[in-house]
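# Residue-level structural notes
So you can see what is in the structure, the chains are spelled out below.
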Amino acid sequence: PILDRIDIQKYMGKVNLFEDDGKSKNLTSAVIKEKVEMARNIQLERFKKIKGITSNGQMESAHIKVFCPLDTDSLNLLQRSYEKFQFSARTHNKIIKISRTFADLDGSKEILKQHMIYGLMARDLDKDKSNMLVLK
């Protein structure tokens, strides 16, 4: 029950400082900051008429139904994951809210399959390490 209350849960592997050549193709802090600010503005606009909600993480079940419709691919992926991992209703809703946030970071009005994959992968601790989520 305690882990259910943590939105993003990731196992972090060891970093080998000697393998980093300094030419990483990762996003810069400035680009990440810009994407986060854009996503925050999208969420502020989305919830401007709802008192007490300014971000996806604050949504309740009724809001999820309105603001997070899932296409067939995303819904099928979520259902297959549920069948495999039997996560709780709270975790189900958190995955959808996290997926909505990934869509916002991409500037997408819809939650696409790729956003659902990211949302599911943000919940590592829900899964037994020996039975990690593999999505194809």
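The following paragraphs examine the structure supplied in this document. Bear in mind that the values here come from a model prediction, so they are computed numbers and not experimental data.

Conventions and cut-offs
- Residues numbered from 1 in each chain as written.
- Predicted model: local features only at pLDDT ≥ 70, side-chain atom pairs only at ≥ 80, totals over all residues.
- Heavy atoms only, no water.
- Patch = residues over 30% accessible without salt bridge, like charges linked within 9 Å, V, L, I, M, F, W, Y side chains within 5 Å.
- Areas by Shrake-Rupley, 256 points an atom, 1.4 Å probe, with all protein chains shown as cover.
- Salt bridge = Lys/Arg side-chain N within 4 Å of Asp/Glu carboxyl O.
- Helix = DSSP H or I, 4+ residues; strand = E, 2+ residues; numbered from the N terminus.
- Buried < 20%, exposed > 50% of the residue type's maximum accessible area, 1.4 Å probe, protein only.
- Polar contact = N/O pair within 3.5 Å; in protein donor to acceptor, adjacent residues only side chain to side chain.
- Contact = heavy atoms within 4.5 Å.
- Phe/Tyr/Trp six-rings, centres within 6.5 Å; stacked < 30°, edge-to-face > 60°.
- Expected span 1.5 Å × (residues − 1).
- Arc of directions from axis to C-beta.
- Axes fitted to C-alpha atoms, helices over the stretch in contact; angles between N-to-C directions.
- Parallel < 35°, antiparallel > 145°, perpendicular 65-115°, else oblique.
- Left-handed = near helix turned anticlockwise from the far one by under 90°.
- Nonpolar A, V, L, I, M, F, W, Y, C, P; charged D, E, K, R; others polar.

What follows concerns a nonpolar patch on the surface. Residues Leu27, Val31, Ile32 and Val36 make up a contiguous nonpolar surface patch of about 320 Å² in total accessible area. In this fold, Val36 is placed in helix α1 (residues 29–46).

The residue Lys97 is located in helix α4 (residues 89–105) in this model. With relative accessibility at 11%, the residue Lys97 sits in the buried group. Here Met59 takes part through its backbone oxygen, which lies 3.1 Å from a polar atom of the side chain of Lys97. In contact with Lys97, other than residues within four places in its own chain, are Asn56, Gly57, Met59 and Ile64.

As a further point, take the packing of aromatic side chains. Tallied over the full model, the rule gives three aromatic pairs. Their ring planes at 80° and their centres at 5.2 Å tell us that Phe47 and Phe67 sit as a pair that is edge-to-face. With Phe47 in the loop between α1 and α2 (61–67) and Phe67 in helix α2, this residue pair connects regions lying 20 residues apart in the sequence. Here the aromatic rings of Tyr82 and Phe87 are separated by 5.5 Å at their centres, their planes lie at 75°, and the arrangement is edge-to-face.

Along its 14 residues, helix α3 (residues 72–85) runs 20 Å from first to last C-alpha, staying within 8% of the 20 Å computed at 1.5 Å per residue. Those residues of α3 that sit buried are Ser74, Leu77, Leu78, Ser81 and Phe85. Along the long axis of α3, the arc covered by the buried residues comes to 100°, so they all point the same way. Pointing more than 90 degrees away from the buried face of α3 are the exposed residues Thr72 and Glu83. Looking at the buried residues of α3, the elements they touch are α4 and α5 (113–121). Positive backbone phi, approximately 50°, marks Gln86, located one or two places after α3.

Now for the packing of α4 against α5. Close contact between α4 and α5 brings their axes to 8 Å; oriented N to C, the two are set at 130°. Relative to α5, the element α4 lies oblique. Every pair of crossing elements has a handedness; the one defined by α4 and α5 is right-handed. For the pair α4 and α5, contact is made by Ile95, Ile98, Ser99, Phe102 and Ala103 and by His115, Met116, Tyr118, Gly119 and Leu120, respectively. Partitioning the contact of α4 with α5 into residue classes produces seven nonpolar, three polar and no charged.

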